[in-house]
Amino acid sequence: MKLYRLLTGPDDAAFCLRVSEALNRGWQLHGQPTLTFNGERVIAGQAIVKEVDGEFHPDIKLGEL
């Protein structure tokens, strides 16, 4: 099955570490990162995808894969 996540957060080192952790867990980047400004700080977003065995069900804990 194919899984999708959108990681978002302030554009800082912690966000980069979250993306790096996901990449090291087998997730792959999907498309370009996005940036927006919420009036106080820059917010980053990055889509990631992963293919795993099994069948999809809505109770999947994406952060644990």
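Heads up: the structure comes first, above all this text.
Bear in mind that the values here come from a model prediction, so they are computed numbers and not experimental data.

**Some points on the overall build of the protein**
Assigned secondary structure in the protein consists of 1 helix and 4 strands. Along the protein, from the amino end to the carboxyl end, the secondary structure elements read β-α-β-β-β. With the principal axes as the frame, the protein shows a C-alpha extent of 40 × 20 × 20 Å. The burial tally for the protein puts 23% of its 65 residues in the buried class. A separation of at least 24 residues holds for 62% of the contacts in the protein among residues at least 6 apart in sequence.

**Concerning helix α1 (residues 13-24)**
An ideal rise of 1.5 Å per residue puts 16 Å on 12 residues; α1 measures up with 16 Å between its terminal C-alpha atoms. Those residues of α1 that sit buried are Phe 15, Val 19 and Ala 22. On an axial view of α1, the arc spanned by its buried residues comes to 60°, and they lie on one face. Exposed and oriented more than 90 degrees from the buried face of α1 are Ala 13, Leu 17 and Asn 24. Buried residues along α1 sit in contact with β1 (2-10), β2 (28-29) and β4 (42-51). Here α1 starts with a cap whose side-chain oxygen sits 3.2 Å from the backbone nitrogen of Ala 14, and that cap is Asp 12.

Conventions used here
Residues numbered from 1 in each chain as written. Predicted model: local features only at pLDDT ≥ 70, side-chain atom pairs only at ≥ 80, totals over all residues. Heavy atoms only, no water. Helix = DSSP H or I, 4+ residues; strand = E, 2+ residues; numbered from the N terminus. Buried < 20%, exposed > 50% of the residue type's maximum accessible area, 1.4 Å probe, protein only. Contact = heavy atoms within 4.5 Å. Expected span 1.5 Å × (residues − 1). Arc of directions from axis to C-beta. Polar contact = N/O pair within 3.5 Å; in protein donor to acceptor, adjacent residues only side chain to side chain.

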